[in-house]
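Okay, here's what each chain looks like letter by letter:
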Amino acid sequence: MNKRASTALHYLALCAIALVCVFPFWWTVVTALSTEGNIFAFPPTFWPKSPSLANFEEAFRVIPFFAFFKNSVLIAAFTVFWKLVLCSMAAYPLARLRFKGRQLVFGLILATMVLPSEVNFLVNFITVTKLSLVDTYAGVILPNVVTAVAILLLKQAFEEVPQDLIDAARVDGASEWIIFTRIMLPLVAPWLATVGILTAVEAWNEYIWPSIVMSKPDEFPLSVGVLYLRGTFGSSTRVIAAGTVLTVLPTLAAFLFTQRYFMRGMDGAVK
């Protein structure tokens, strides 16, 4: 097989994968914009019939969209902030400091990656209840501010910084805190951006945990609040699709504007 044919096959495979990934969202957009036709027809419709924004207007009318949006922004912003702070502070000593039990601690952190997040729900709920954080933003945010994946990515980022820079700073009398905040963090900014983007998307789309902790509708994030459309419009799949599109669009727009930082961080992580 020559090089041109091999390249064509690679592009064909990538196009097929892209189609599989994009189709669910595109079908949801088509459903949200359509006002006629059978949305469950096979083969499915790839273009909206009698397109209109009426379904979006109905979604805005039924649920307090902007209140839910504000709640999601607050939860996502605080989750990103505290995860970057705590995970970077955990990753730096694991990467650059030598202390007894370091490998054991890192191994225990990696072991938590084997467990699905749902396993922790009972323990987390008991903890949040004991701390009187039920029905609070802190109760939603707290269990998600430290993850093994974020620590692993940032540990790898800190390990890629040349040791000579750290040694030179120590010779000049810089403390470990100064080295961490003024030297290491600026150098690993692309990785911090990657972790921040992944965390923001995860926090924005989180549904199960907020629905467990929250019981007051006015404090629901958008991912939970938009499901009120399902109860109110049990037969109106188009309105539900419109609410789903409104939920996805902010994260999609944020990723499009920050993808270059994400790719730089992922490139560094792969190296």
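These figures come from a predicted structure and were not determined experimentally.

So, the overall build of the protein
Next, step 1: A tally of regular secondary structure across the protein gives 14 helices and 0 strands.
Next, step 2: Helices and strands in the protein line up, N terminus first, as α-α-α-α-α-α-α-α-α-α-α-α-α-α.
Next, step 3: The dimensions of the protein, computed from C-alpha atoms along their principal axes, are 70 × 65 × 30 Å.
Next, step 4: For the protein, with 271 residues in total, the buried portion stands at 35%.
Next, step 5: A separation of at least 24 residues holds for 73% of the contacts in the protein among residues at least 6 apart in sequence.
Next, step 6: Accessible area for the protein stands at about 16100 Å²; split by element, carbon and sulfur atoms hold 70% of it.

Remarks on the packing of helix H9 (residues 176–187) against helix H10 (residues 189–205)
Next, step 1: Axis separation between H9 and H10 bottoms out at 5 Å; the angle between their running directions is 70°. Taken together, the axis directions place H9 and H10 in an arrangement best described as roughly perpendicular. Contacts between H9 and H10 involve Leu-185, Pro-186 and Leu-187 from the first element and Ala-189, Pro-190, Trp-191 and Leu-192 from the second.
Next, step 2: Taken together, the residues of the contact of H9 with H10 sort by class into 7 nonpolar, no polar and no charged.

Quick notes on the nonpolar core
Next, step 1: Grouped together as the largest cluster of nonpolar side chains are 31 residues, with contacts concentrated most on Ala-32, Phe-56, Val-140, Trp-209 and Leu-229.
Next, step 2: The element contributing the most residues to this core is helix H14 (residues 237–270), with 6 residues.
Next, step 3: Excluding residues that lie within four positions of it along the chain, Phe-56 makes contacts with Ala-32, Leu-33, Ala-242, Val-245 and Leu-246.
Next, step 4: With 24 residues, the next largest nonpolar core counts Leu-94, Phe-106, Leu-153 and Phe-180 among its residues.

Here's the deal with the UniProt feature "transmembrane region" (unreviewed entry) in the protein
Next, step 1: Under the feature "transmembrane region" (unreviewed entry), the UniProt entry names residues 7–27, 73–92, 104–126, 138–158, 179–201 and 239–257.
Next, step 2: Counting secondary structure, residues 73–92 comes out at 100% helix and 0% strand; the distance between its end C-alpha atoms is 28 Å.
Next, step 3: The straight-line gap between the two end C-alpha atoms of residues 239–257 is 28 Å; of that span, 100% is helix and 0% is strand.

Regarding the state of the cysteines
Next, step 1: For the structure on display, the rule yields 0 disulfides.
Next, step 2: For the unlinked cysteine Cys-15, the closest cysteine sulfur is that of Cys-21, found at 12 Å.
Next, step 3: Overall, Cys-15 belongs to the exposed group, its relative accessible area being 52%.

Criteria and cut-off values
Residue numbering note: each chain is counted from 1, following its sequence as written. Where totals are concerned, whole chains, interfaces and linings use all residues; where local detail is concerned, this predicted model gives features only for residues with pLDDT of at least 70, and gives and counts side-chain atom pairs only at 80 or more. The basis for every side-chain value is the complete set of non-hydrogen atoms in the structure, without hydrogens or water. Strands are runs of DSSP state E lasting at least 2 residues, helices are runs of H or I lasting at least 4, and numbering of each runs from the N terminus. Accessible area is worked out with a 1.4 Å probe on protein chains only. A residue is then buried under 20% of its type maximum, exposed over 50%, and partly exposed in between. Contacts between residues were defined by any pair of non-hydrogen atoms, one from each residue, lying within 4.5 Å. Note on areas: these come from Shrake-Rupley sampling with a 1.4 Å probe, and a residue is covered only by the protein chains present in the view. Helix axes use the C-alpha atoms of the stretch in contact, all axes being lines fitted to C-alpha atoms, and the angles between their N-to-C directions lie in the range 0 to 180 degrees. To sort the angles, those under 35 degrees are grouped as roughly parallel, those over 145 as roughly antiparallel, those from 65 to 115 as roughly perpendicular, and the leftovers as oblique. Each residue is assigned to one class: nonpolar for Ala, Val, Leu, Ile, Met, Phe, Trp, Tyr, Cys and Pro, charged for Asp, Glu, Lys and Arg, and polar for all the others, Gly among them. In plain words, nonpolar cores are sets of buried Ala, Val, Leu, Ile, Met, Phe, Trp, Tyr and Cys residues tied together by side-chain atoms within 4.5 Å. UniProt positions are given in the numbering used here, feature names are shortened, and annotations may be inferred rather than shown by experiment. In this description, the term disulfide denotes a pair of cysteine sulfurs within 2.5 Å.

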